[in-house]
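The chain contents come next:
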Amino acid sequence: ERERKREKQSEGGGPGNMAIPAPQQHLHSPAPRARVPALLRFLVLVLVCAPSLDPSASAEAGVPRRAAGEAEETFGHYHDYQALSQLLSSLAEHNPHIANLSTVGRSVQGRELWVMRITRDPTREQPGKPRVKYVGNMHGDETVSRQVLVYLIEHLVWRYGQDPRVTELVDGTDIYIMPSMNPDGFERSVEGDCQGNAGGRENAKGRDLNRSFPDQFESISVPREDVPEVVAVMDWIQKNKFVLSGNLHGGTVVASYPFDDTPTHESTGHYSRSSDDALFRFLARSYAERNPVMSTGEPHCPDAPSETFEDGITNGARWYDVPGGMQDYNYLKGNCLEITIELTCCKYPPASQLQKEWDNNRDALLSYMEKVHIGVKGYVWEAENGSALPDALITVAGNNHNVTTGQFGDYYRLLLPGSYNVTTSANGFVPVTVSNVQVTEGKPTELNFTLAPLRPDNGSAIPTTEGVTIQAAVSSSSAGTPTTPRPEPLPTQPQDFRHHHYADMELFLRRYSMDFPAISRLYSIGQSVQNRELYVMEISSNPGVHEPGEPEFKYIGNMHGNEVVGRELLLNLVEYLCKNFGSDPEVTQLVNSTRIHILPSMNPDGYEVAQEGDMKGYEGRNNSKNFDLNRNFPDQFVAIPDPQQPETVAVMNWLRTYPFVLSANLHGGSLVVNYPYDDDVEGVVTYSQSPDDDVFKMLSLAYSKENPVMYAGHPCQELYPNEYFKDGITNGAQWYNVAGGMQDWNYLNTNCFEVTIELGCVKYPPAKDLPMYWEQNRRSLLQFIHQVHRGVKGFVMDAKDGIGIWNATISVAKIDHPVTTDKAGDYWRLLAPGTYRLTATARGYTPITVYTTVREGQVEHVDFRLTRARSEEEDPLKEEFQRLIKELASEKGLERLVLSTPPQTKFHRYRPYKELSELLRSLNLNFPKITRLRRLGQSCEFRYIWALDISNKPEEAEPAEPKIRFVAGIHGNAPVGTELLLEFATFLCINYGKNAAITKLVDETKIVILPSINPDGRELAKEGECTSTVGRLNAHGKDLDADFFGNTSQRIMETEPETRAVMDLIKEKGFTLSVALDGGSVLATYPYNKPVQPVENQETLKYLASVYANNHPKMHLGHPGCANSQVENIPGGVLRGAEWDSHMGSMKDFSMDVGHCPEITVFTSCCLFPSTDQLFTLWEENQKPLLSMLVEVHKGVRGMVRDKSGKAIVGATILLNKGVRVYTGEGGYFHALLAPGVHNIEAVAEGYQQQGQEVFISSYEAARSILIEFDMDNRIFGLPREFVVATAGASMTALIITACIIWCVCSAKSNRQKDGFHRLRQHRDDYEDEIRLTSMGSKKSLLNHEFQDETESDEETLYTNKH
């Protein structure tokens, strides 16, 4: 199994829900034997047994003894198919009392898949015997397994009755051995082929059988007819309730255990833990420690001489990812625990080595089979008639892997020594639980159940007490003897019962963090008003890491400072979990499967003023500013007028950082579990039901039932005699109305379900009562954590590449409360038992809906594989790069990239200016195809300001590619950044063309490196000066980071030459991101340094800085540890520039305002100029963060702006979230980095209509290109051109028609006037002179008349004036 080093993984097999036909069985019945006289039988027996009398023939020699009439075994040759068939038939024929040969199916080429069953009376079904199997030769060219299993069969049948160990094993175990699962591949293989180059690995259809089983994380699609071997074995597994199995391979020497793959299918290095991880490790070690080569953990295989395996075992996925493997299928789809055992470095060694390999593995093979007799076994019967109950479910509390009973009601559950709560259930029957079942080393504990049928009067619940279950018949035996097993030691109880003030609590947490570093991590989420740390203790098997698929849980105590019981109980819980991990099964399982966060005190300031003995007072309840923290969160129904307190903000940010699933907020003053909602729209006392009311009641009851006093429902009869809570739980608003509470905010704004638990009537009881509180709540606290493993969980993945989809939505029909996936695509959805319709949706993908049934106390695993909804096929090269960014953005992606590059030579010296220049020239000369060296300008003392461009086309602009700037040395006394950038440039150049990921990053990115802006100051600085300011300024005594002013009116003095050189580079624009390296602390800052500058896109800028910090091993912790540091608690290792060093004229502010490029400043070390022996360590710390910036620059949103004719629009404004502006460059391209989430972008260009759209930014995906096409801006006065033209046309038409009408009216009127006047002239000639005089005097008024006709005579005018 060396594919990760020699070949790509092969294709997989059929879908998980395929129907499997039953193969034809071929049984070889033994030939009838003739009757033999008693004397003859005695003589034969003497002859057969005589060799055993020879003292030299030791049973420990291990050489199989053949029966009379059988061929003698030789180790000098391999058995081909024909020889194997003959040998197995002969063994079955001569040993019918313990051996039976059958076939489970045929290979592609029709060869039988032989299985030898070895047990006493092998042709009869025998309840009470656990079934164990070995499968060999799954890969046809891995042949040692085939031969070793042949020798094992011979060893068992020939030594039965002679070797007590073999006899006991065969009598008590049902053993099945399949020497060859791939006989076709074996026939094509070539002896001596160690690497598998000759072929034969796959079956006759070219399918890798160990990639063809249904997989939990990936849909394996292989035609059934291509893998008949897999179909046959799957059917075999389903029909037989195997308990234990070994799958034998070759290629190295190690025992590998589940799981074999991960949801993200990272090629190597990711531990994929099953629910039985500790048990699997034990089983694998039980084999490895009996193999003299495997036990060393150093196989020294020629193709991987340095490869080692601790204890000779490995987790499958941690070694390398195998989707569609058989061992995971056994575990997930059968009752069977299987490991994969690699026997030899050489796959098909010469036959001369077979004797040695048998000797190496004989004892291990026997020892492994003997492990089938550990744990718990028994029967499940029906109470009424005593008949067996097949397919009843056997559940172990705290373990997600269940087994079922066989046809005789028998079951076998392998378990390590310890105390367990075991439950059995069957459809139509009342489930039964037995608590504190003791499993000891050696033989199994027998545990039998009798189940009563469900009836209307008995419901489905069974009351239980410690160690006793109603209607459960329990018996224990060891090796068949009715003895009582020695009970395991009880869990260690806390001893530290006292009230812990802040200093005492801090010391307690630090002590446990240091004493249990493997499972604990102490961190702070912020500070209180009085600057006390809000400490959180994380307890997990992998502290500090979110393991995809593992839920996150939290407890919060002491929110009200005078309610102290929760604070002390959580400290007790820390002690209990740490001290019992590894010894108590329940604690071990919880820690292994859950990431637990404990915040003992949310209000440490209030606690310090509270007084012991306070029963129901208020002193210390609020924080030091006298605000009630449980009235300080945003509320869904009312506006909260109080300012948010630092404790509130810290918790809100904490919840946004971790994907919490379940939480409890511990209070005091009553005894009840209170669940959402806490208020209602009218602000009155009434039941305020959330969409998940049933789930919250289930969660609340899980706590209250384990606390008898709480469950009784009469909590504080002396204080509140009339108060009653049925079953010890209540809806918050039905109890009393609380606006601004934390539990409602959890539910409405995150994926987290939170309840509030009141722990006692007295708020600050005396210390002597604390043990009583622990005893009352111990089981409840543990049981509530268990609830995080109920409902549905799984992954939402891209169907094409299998990578998890972040921020996908899981919605449940009829429950209006969706949850979202975390970065790896994993999700958890708490649900009460029932059948649900789940829908997974993600932007850009086609939704998928499925139905699932949630069982009592169980979690169902439901994965979604979404297909992208695309109208066009993308360029395959772009898709390949998208996959690379996804892979590098995954949790271990960059770490794997670093490991995939050759180790770098350690450097232990600083380079003065001359050597710096020579190195840059050398890089340019040695890598001319990917580098360009530029002189941006000169310093005051005429040293060059160098810029090294790195790209596959360094001489071309390539506006479609993102452009990133790395800058260092702005302060000459902090030269670490300069050395890091020189090493970074060397790293990129040397690995270009050799490392595929580095090559693709360089090909797709324009990288500009400015290693030293202030070379003059650098020449003055001295090594070892950690705080000296010598060299900080340039030769003119100017701080260059206070010299970048975009507005000349702000400038007092002339710009420094170094500043001008960098300003010109920034003004080139086109940069997507800039990273500046400085010294003096360990943190990252983002714009602005200006003290009062508003930050419109603060979320994005802070996110970019956090990407660097999170990839740094120390920075993200937020505690630089620098002497005389001005700030020592930096949340996430990130601050706004002004919070760290407020000043004007900074380079990052100029980059933002003028270059429209976000710039972060990274402070790489506490010491400004550390000694040379620290340089390589600093490089190792910053190598991955620097690479993360190369990955991050490819995210965000990118695209092109053009008009309908295809013309690129240069200078268009891209408005991000109605605030930040970027501009399109050459070719109309733009690229803007944005924090993950939904954003609005608008494109504006003069003469075009504004365009807008919503985009979704992923934290792990490269930016997908969008196209914005402008229409011409046809608006007039803000109205559409078509509307304006139509309106204007209508108006003009109306005016013309109106004018025509007026003209017609006037013309008609004029004619009537003329006729009358002519008659007047005929009879009044005497008045002619008078008419002329009058008309002249009134000429002006007549000309102004709107109906005046210029053709009228004076007489007509006179007539008009008179009428």
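Everything here concerns the structure above.
Residues numbered from 1 in each chain as written. Predicted model: local features only at pLDDT ≥ 70, side-chain atom pairs only at ≥ 80, totals over all residues. Heavy atoms only, no water.

Colleague: Before we go on, may I ask you to explain the sheet that holds strand β36 (residues 931-938) in this structure?
Modeller: Across a sheet, strands are paired by hydrogen bonds formed along the backbone, either parallel or antiparallel in direction. Strand order in the open sheet formed by 8 strands is β36-β37-β39-β38-β40-β43-β41-β42, with mixed pairing between adjacent strands. With partners counted over all chains shown, the strands left at the sheet margins are β36 and β42 (1134-1136), one partner each. With strand direction ignored, the average angle separating the axes of adjacent strands in the sheet is 20°. Strands β36 and β37 (944-950) of the sheet are contacted by helix α24 (residues 913-926), whose axis makes an angle of about 30° with β37. (Pairing = 2+ DSSP bridges. Helix = DSSP H or I, 4+ residues; strand = E, 2+ residues; numbered from the N terminus. Axes fitted to C-alpha atoms, helices over the stretch in contact; angles between N-to-C directions. Contact = heavy atoms within 4.5 Å.)

Colleague: Hey, could you run me through helix α13 (residues 565-580) in this one?
Modeller: Structurally, the α-helix is built with 3.6 residues per turn, so residues lying three or four positions apart point the same way. With 16 residues, α13 extends 22 Å from end C-alpha to end C-alpha; this agrees with the ideal 22 Å at 1.5 Å per step. Burial of α13 is extensive: 15 of the 16 residues sit out of reach of the surface. Looking one or two residues past α13, Gly 582 carries a phi angle of roughly 95°, positive in sign. (Expected span 1.5 Å × (residues − 1). Buried < 20%, exposed > 50% of the residue type's maximum accessible area, 1.4 Å probe, protein only.)

Colleague: Could you clarify how one ought to interpret the packing of helix α12 (residues 502-515) against α13 in this entry?
Modeller: Axes are the key here: two packed helices are described by the angle between their axes and the distance separating the axes. The contact between α12 and α13 brings their axes to 11 Å, and the two run at 15°. Classified by the interaxial angle, the pair formed by α12 and α13 is roughly parallel. Seen from above, α12 lies across α13 with left-handed handedness. Contacts between α12 and α13 involve Tyr 502, Met 505, Phe 508, Leu 509 and Tyr 512 on the former and, on the latter, Arg 567, Leu 571, Val 574, Glu 575, Cys 578 and Lys 579. A breakdown of the residues in the contact of α12 with α13 according to their chemical character gives 8 nonpolar, no polar and 3 charged. (Parallel < 35°, antiparallel > 145°, perpendicular 65-115°, else oblique. Left-handed = near helix turned anticlockwise from the far one by under 90°. Nonpolar A, V, L, I, M, F, W, Y, C, P; charged D, E, K, R; others polar.)

Colleague: I tried to follow the packing of aromatic side chains on my own but got confused; where do I start?
Modeller: Given two aromatic rings, their pairing is described by the distance between the two centres and the angle made by the two planes. Applying the stated criterion across every chain, the model contains 46 aromatic pairs. Seen in terms of ring centroids, Tyr 176 and Phe 242 are 5.3 Å apart; in terms of plane orientation they differ by 85°. Their pairing is edge-to-face. Taken together, the residues Tyr 176 in strand β4 (residues 174-178) and Phe 242 in strand β5 (residues 242-249) connect sequence positions 66 residues apart. Relative accessible area serves as the criterion here: at 6%, Tyr 176 is assigned to the buried category. Look at Phe 242 and you get buried, because its relative accessible area is 1%. Members of the aromatic cluster, joined through ring pairs, are Phe 637, Tyr 677, Phe 696, Tyr 747 and Phe 753. Positioned above the aromatic ring of Phe 1071, the side-chain terminus of Lys 963 is 4.5 Å from the ring centre. One residue, Arg 965, lies across the ring of Phe 1071, its end atom 4.6 Å from the ring centre. (Phe/Tyr/Trp six-rings, centres within 6.5 Å; stacked < 30°, edge-to-face > 60°. Lys NZ or Arg CZ within 6 Å of the ring centre and 35° of its normal.)

As far as function goes, none of this settles anything; it's purely spatial.
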